[in-house]
Amino acid sequence: VQLQASGGGLVQAGGSLRLSCATSGRTFSKCALGWFRQAPGKKRESVVFISWSGTSTYYTDSAKGRFTISRDNARNTVYLQMSSLKPEDTAVYYCAAGPTVYSDSYYPREGFPYWGQGTQVTVSS
């Protein structure tokens, strides 16, 4: 599975962005997808996950109420709609995929072995 993240950019605090993660490979539809981010000088952190059926999601506290993850299996693409952005959301955002046995599992048992290259999100105050 190959992943290509896009949609990052510079936005003012309170604004919105939609990130996309286009994937290729036959196994996309059987993979859970996740968004992660890494700010300068900080460790990478989880943001949100979605099962391959799209029926199960998990949002970390940083994303709850402001971010929405969705996926279009017909287009092999996962989206992250981000609103009410804050300067602390500034980071490189990565999408990742991992195969799961169950359609409603949002976190693969073996983790996320496939990663995209990341897209920069910068939120100005």
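Note that the coordinates shown come from a computational prediction; the quantities given were computed from them, not determined experimentally.

All right, on to the nonpolar core then. L33, W35, F67, I69, L80, M82 and Y93 are the most contacted members of the largest nonpolar core, which has 28 residues in total. The set of elements that each furnish at least two residues to this core consists of strand 1 (2-6), strand 3 (17-24), strand 4 (31-38), strand 5 (45-50), strand 7 (67-72), strand 8 (77-82), strand 9 (91-99) and strand 11 (119-124). Those residues within four positions of L33 in sequence are excluded, and the remaining contacts are L3, F28, V48, F49, I50, I69, R71, V78, A96, A97 and F112.

Turning our eyes to something else, we now look at the pairing of strand 9. Among the nine residues of strand 9, seven are classified as buried, and the element is accordingly described as predominantly covered. For strand 4 and strand 9, the ladder comprises eight bridges, and the chain directions are antiparallel. Residue pairing for strand 9: W35 is matched across the bridge by C95. Summarising the sheet, strand 9 and strand 10 (residues 114-115) pair through two bridges and their orientation is antiparallel. Along strand 10, the bridge assignment pairs A96 with W115.

This part is about the side chain of D89. As for its placement among the helices and strands, D89 is situated in the loop between strand 8 and strand 9. Given a relative accessible area of 0%, D89 falls into the buried group. Engagement of the side chain of D89 in a polar contact is seen with the side chain of R66, the distance being 2.7 Å. Setting aside its immediate chain neighbours within four residues, D89 contacts R37, R66, F67, S84, V121 and V123.

Turning next to the pattern of salt bridges. One pass over the structure, following the stated rule, counts five salt bridges. R37 is paired through a salt bridge with E45; the nearest N and O atoms lie 2.5 Å apart. Looking at R37, the relative accessible area reads 6%, which means it is buried. What makes E45 partly exposed here is its relative accessible area of 35%. One salt bridge in this structure joins D89 and R66, with 2.7 Å as the shortest N-O distance. Taken together, the positions of D89 in the loop between strand 8 and strand 9 and R66 in the loop between strand 6 (57-59) and strand 7 put the pair 23 residues apart, joining distant regions of the chain. The residues D89 and R66 share a single accessibility class, namely buried. Through salt bridges with shared partners, one network takes in R37, E45, R66 and D89.

Thresholds applied
- Residues numbered from 1 in each chain as written.
- Predicted model: local features only at pLDDT ≥ 70, side-chain atom pairs only at ≥ 80, totals over all residues.
- Heavy atoms only, no water.
- Core = buried A, V, L, I, M, F, W, Y, C linked by side-chain atoms within 4.5 Å.
- Buried < 20%, exposed > 50% of the residue type's maximum accessible area, 1.4 Å probe, protein only.
- Helix = DSSP H or I, 4+ residues; strand = E, 2+ residues; numbered from the N terminus.
- Contact = heavy atoms within 4.5 Å.
- Pairing = 2+ DSSP bridges.
- Polar contact = N/O pair within 3.5 Å; in protein donor to acceptor, adjacent residues only side chain to side chain.
- Salt bridge = Lys/Arg side-chain N within 4 Å of Asp/Glu carboxyl O.

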